[in-house]
Amino acid sequence: MPSPITIDAFSSRLSVDLDAIRANYRTIAGRIAPARCGAVVKANAYGLGVAMVGPALYREGCRTFFVAQLCEAGPLAQVLGSDAEIIILNGIDPGSEALCAEPGFVPVLNSATQVERWRTLARAKGRPLPAALQVDSGMSRLGLPPVEAIDLASHPAFAREVDLRLVMSHLACADEPARAANAEQLARFRAVHAHFPGVPASIANSGGAFLGGEFHGDLARPGVALFGVDPGPLAEGLRPVVRLDARILQIRTIEAGTGVGYGFEHIAAARQRLATIAIGYADGWPRCLGGVGAAWHGGMRLPIVGRVSMDSTTVDISALPEEALHEGDFVELIGPSQSLDQVARDAGTIAYEILTQLGARHARIYLESGAARVRAPGDHR
Ligand SMILES: *Cc1c(COP(=O)(O)O)cnc(C)c1O
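Residues numbered from 1 in each chain as written. Predicted model: local features only at pLDDT ≥ 70, side-chain atom pairs only at ≥ 80, totals over all residues. Heavy atoms only, no water.

Colleague: Describe the site of the ligand, with residues and values.
Modeller: Neighbouring the ligand are 14 residues, the closest being Lys-42, Tyr-46, Ser-206, Val-224 and Tyr-352. In this structure, an oxygen atom belonging to the ligand sits 3.1 Å away from a side-chain N or O atom of Arg-141. For the ligand, a nitrogen atom lies 3.0 Å from a polar atom in the side chain of Arg-221. Notes on the ligand: free accessible area 390 Å², of which the protein chains cover 93%. Class assignment of the residues belonging to the shell around the ligand gives a composition of seven nonpolar, four polar and three charged. (Near = heavy atom within 4 Å. Polar contact = N/O pair within 3.5 Å; in protein donor to acceptor, adjacent residues only side chain to side chain. Areas by Shrake-Rupley, 256 points an atom, 1.4 Å probe, with all protein chains shown as cover. Nonpolar A, V, L, I, M, F, W, Y, C, P; charged D, E, K, R; others polar.)

Colleague: Provide a residue-level description of the environment of Cys-173, including the pertinent values.
Modeller: When you line up the elements, Cys-173 lands in the loop between strand S8 (162-168) and helix H9 (180-193). Through-space distance from the C-alpha of Cys-173 to that of Asn-110 is 20 Å; in sequence the pair is 63 residues apart. Contact partners of Cys-173, with chain neighbours within four places excluded, come to Arg-179, Ala-181 and Asn-182. (Helix = DSSP H or I, 4+ residues; strand = E, 2+ residues; numbered from the N terminus. Contact = heavy atoms within 4.5 Å.)

Colleague: Got a sec to walk through the packing of aromatic side chains? Specific residues and values, please.
Modeller: For the coordinates displayed, the defined rule picks out two aromatic pairs. Ring centres 5.1 Å apart and planes at 45° place the aromatic pair Tyr-46 and Phe-227 in the tilted group. Of this pair, Tyr-46 sits in helix H2 (residues 42-46) while Phe-227 sits in the loop between strand S10 (219-220) and strand S11 (242-254), placing them 181 residues apart in sequence. Per residue, the accessibility class of Tyr-46 equals that of Phe-227, and both read buried. Measuring from ring centre to ring centre gives 6.2 Å for Tyr-46 and Tyr-352, while their planes differ by 35°; the resulting arrangement is tilted. Placement of the pair is Tyr-46 in helix H2 and Tyr-352 in helix H12 (residues 351-357), with a sequence separation of 306 residues. With a relative accessible area of 6%, Tyr-46 lands in the buried category. With a relative accessible area of 34%, Tyr-352 lands in the partly exposed category. Here the aromatic cluster, defined as three or more aromatic residues joined through ring pairs, consists of Tyr-46, Phe-227 and Tyr-352. (Phe/Tyr/Trp six-rings, centres within 6.5 Å; stacked < 30°, edge-to-face > 60°. Buried < 20%, exposed > 50% of the residue type's maximum accessible area, 1.4 Å probe, protein only.)

Colleague: Kindly report on the pairing of strand S16 (residues 300-303), identifying the contributing residues and their values.
Modeller: Note that strand S15 (residues 294-297) and S16 share four bridges and pair antiparallel. Bridge pairing links Ala-294 to Pro-303 in S16. Between the end of S15 and the start of S16, which pair antiparallel, lie two residues, with Gly-298 showing a positive phi angle near 55°. (Pairing = 2+ DSSP bridges.)

Colleague: Which residues make up the domain arrangement of the protein chain, and what values do they have?
Modeller: What the domain assignment lists for the protein chain is domain 1 (34-227) and domain 2 (242-375). A straight line from the C-alpha centre of domain 1 to that of domain 2 covers 38 Å. With ten residues of domain 1 at the interface, the matching set in domain 2 holds ten residues. Per-residue buried area on domain 1 facing domain 2 is highest for Tyr-46, Leu-48 and Met-52; these three make up 53% of the total on that side. Counting across the domain 1 and domain 2 interface gives one salt bridge. A salt bridge links Arg-59 to Glu-368; the nearest nitrogen and oxygen atoms lie 2.7 Å apart. In this assembly, domain 1 and domain 2 are joined by three residue pairs in polar contact (both at pLDDT 80 or more). Ranked by the residues each element gives to the side of domain 1 that touches domain 2, the list is headed by helix H3 (residues 50-59), at three residues. (Domains from an automatic or database assignment. Buried area = accessible area lost by both parts, 1.4 Å probe. Salt bridge = Lys/Arg side-chain N within 4 Å of Asp/Glu carboxyl O.)

The following block contains the structure:
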C-alpha cells in the first residue's frame, strides 16, 4: 500500500472552490430559468477534477452532464447518482456502439453514419435507444446539415429506433454578442427544431446563456463559466474558482551581467534578487510566459526572468524587502492578484487552454462548506 497522500509531498497547490462552482451554477440556472441548466464537465471538468466537481454540481441539483468522449462517461457515472444523464458530445466512434448504450449514457448523433450505426444497434436490440441529435447551424464542426436532420424527422422508423432526448447545436461566436452569426445560427437551429416537436432544444454554452432569452432553449450547456471564466461581455455575477500557488525552491542574488536560465535569455542589467519557483511547462505553466508573465506576492508583481523550464520558473523578487520571502514559501500564480484571464492573455491564449493544461503535479485542494479536502491528481476516490 502506498502511504496516504499528504499535502507536503507537493510543491504546488491548486485550490478549487467548489462553493464558487456551485454559486456559478446557481447564477446561470437563475439567469436561464425556466430553461434547465446542464453542466459541461469534459476534459476532467476543464482540468479541475471531475471526481470532485461532478458530485458538487449534482448536489446543486444538476442532472444533465456533458462530456466530449465516451472514455469520460464511465468515471463520471461512478461519482453521480443513477438519475443523472451523461451526454457524450463527440458521439459514437466505430466499434463503441454497444458501450454507448450503457444506462444513463446519451450519445450525440453528429453525422449520418453515426445515426445509421445507432439505428442498427437499436434494431439489433429491438428497442429504441436514447440519443441527442446535433445540427450544424453554421459552425462547420459537428452535426448534421439542416436538410439531413429535417429529413430524419419525416421517417417514422427513426422515431421508433431513436429515443430522441435533445436536439442541439453549438454557437461559434457566443462570446461576441454583437456578431450577426448568433442570430443566424439560432434561426437555422429553430427551423430544424420545429420538425421535432416535444423534443428539448439546446444551443447555449456559457456565452449563449448570457445572450438573450431566445438562446436559452430548454436546456443550457455551460462549461467554462461554471469554473469562473468570463464567457463574454454580458456575463455577470460569476465567482473565481481557481487559485494556484507554487513554492520557492531557492533564492539568490546575482550581479549585473549574470545570465539566467536556458540560453541566458535574461542577463541582469543590475544586481537582482531572484526566486526559483517549483512550476514549469510540465505543470501547464506555459513556456511562452518567459520574459512576459509574472508571479505575485504581497501585492507585488514578480516578473518572470529568462525562459520557463520544465519544472521551474525564475522570478525577480528585487522589489520585495529581503525578509518578505524565504525558501519554501508560496507565491501566487493564479488568484486574487493575477486572474486566470490575465495569465491567458500573457500567454497569448484563452483561459480554457490554461485551465485544461493545469498539470498533473499540483496538489488539488477542494474547498466546500468550510472544509478543505486534498486530492492527488488522478485520485478518483
Ligand atoms: C465545450 C462545449 C460546451 C461548453 O462550452 P463553454 O464555452 O465552456 O461554456 C457546450 N457545448 C458544446 C457542444 C461544447 O463542445
